[in-house]
Amino acid sequence: MRHQACSGTSLTAAGLVSAAFGLATIPSRPAGGHLADRIGRRPAIVLGLCGYAVAQPAIAASASLAWAVAGAVPLGLAFELYEPPGQAIIGESVPERHRVRAFSLFGAALAAGAMGAGLLAAVLGRWDLRRLFVTDAATCLAAHC
């Protein structure tokens, strides 16, 4: 029996797009550290946010599984580019006696953001998944301004 997601996409297709995204996230964090060292902390963060923002509409506009997977790969590659430079900024700018607290707050902020993203996905995903991707792209662009 073939199951359909709310927008008519099969669960198999959604799984393939998710797998492409997940595999592409594997090199994302090491690439973020490398970029932070090569081009600087802030430029690496901005590159990750902009890359993520560009890939989101590519998925939203995809008319086929192949295009959705093609959009999921750069999305995954950009997904965690921000984290190593963000951690480096904390390590370089926060006095040693306050670093544990700073890193804890950083982790809490990431968790809160993920929770908020989940709530936004639950709301927007009910109407149109394409809007969800476009909204996520907009928040990435807004985050670095």
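Residues numbered from 1 in each chain as written. Predicted model: local features only at pLDDT ≥ 70, side-chain atom pairs only at ≥ 80, totals over all residues. Heavy atoms only, no water.

Q: Give me the lowdown on the overall build of the protein chain, citing residues and values where you can.
A: Counting secondary structure elements, the protein chain contains seven helices and zero strands. Secondary structure elements of the protein chain occur, N-terminal to C-terminal, as α-α-α-α-α-α-α. Counting only C-alpha atoms and orienting by the principal axes, one finds that the protein chain spans roughly 60 × 30 × 30 Å. Here the protein chain holds 145 residues, and 29% of them are scored as buried. Of the roughly 8900 Å² that the protein chain leaves accessible, carbon and sulfur atoms contribute 68%. (Helix = DSSP H or I, 4+ residues; strand = E, 2+ residues; numbered from the N terminus. Buried < 20%, exposed > 50% of the residue type's maximum accessible area, 1.4 Å probe, protein only. Areas by Shrake-Rupley, 256 points an atom, 1.4 Å probe, with all protein chains shown as cover.)

Q: Could you give me a rundown of the nonpolar core, with the residues and numbers involved?
A: Counting 14 residues, the largest nonpolar core has Y52, A72, L75 and C140 as the members making the most contacts within it. If you list the elements that add at least two residues to this core, you get α1 (11-25), α3 (41-60), α4 (65-79) and α7 (129-143). When neighbours within four sequence positions are excluded, A72 is seen to be in contact with V17, A20, F21, A24 and I59. (Core = buried A, V, L, I, M, F, W, Y, C linked by side-chain atoms within 4.5 Å. Contact = heavy atoms within 4.5 Å.)

Q: Describe the side chain of E80, and please don't skip the residues or the numbers.
A: Along the chain, E80 falls in the loop between α4 and α5 (83-93). Using a relative accessible area of 17% as the deciding quantity, one classes E80 as buried. Sequence-distant contacts of E80, defined by excluding residues within four places in its chain, comprise S28 and R29.

Q: Got a sec to walk through helix α6 (residues 99-127)? Specific residues and values, please.
A: Helical geometry note: an α-helix holds 3.6 residues per turn, so side chains three or four residues apart project in the same direction. With 29 residues, α6 extends 42 Å from end C-alpha to end C-alpha; this agrees with the ideal 42 Å at 1.5 Å per step. Taken as a whole, α6 has its buried residues at A102, F106, L124 and G125. On the buried face of α6, the contacting elements are α5 and α7. (Expected span 1.5 Å × (residues − 1).)

Q: Residues and numbers for the packing of aromatic side chains, please.
A: In total, this model carries two aromatic pairs according to the counting rule given. Ring centres of F21 and F79 lie 5.1 Å apart, and the angle between their planes is 75°; on these two criteria the pair is classed as edge-to-face. With F21 in helix α1 and F79 in helix α4, this pair connects stretches of sequence that are 58 residues apart. Relative to F79, the ring of Y52 has its centre 5.9 Å away and its plane inclined at 40°; by these criteria the two rings are tilted. Here F79 lies in helix α4 and Y52 lies in helix α3, a separation of 27 residues in the sequence. By way of ring pairs, the aromatic residues F21, Y52 and F79 are connected into one cluster. (Phe/Tyr/Trp six-rings, centres within 6.5 Å; stacked < 30°, edge-to-face > 60°.)

Q: Pulling in residues and values, what's your account of the pattern of salt bridges?
A: Following the criterion strictly, the structure yields four salt bridges and no others. The partner of R29 in a salt bridge is E83, with the nearest N and O atoms 3.1 Å apart. One end of the pair, R29, is in helix α2 (residues 28-39); the other, E83, is in helix α5, and 54 residues separate them in sequence. The network of salt bridges with common partners includes R29, E80 and E83. (Salt bridge = Lys/Arg side-chain N within 4 Å of Asp/Glu carboxyl O.)

Q: Can you break down α7 residue by residue, with the values?
A: With 15 residues, α7 ought to run about 21 Å at 1.5 Å a step, and its terminal C-alpha atoms sit 21 Å apart, in line with that. Of the positions making up α7, those classed as buried are L132, A137 and C140. One face of α7 carries all of its buried residues, which in axial projection span an arc of 135°. Exposed residues pointing more than 90 degrees away from the buried face of α7 are listed as R131 and A142. Turning to α7, the residues buried within the fold contact α3 and α6. (Arc of directions from axis to C-beta.)

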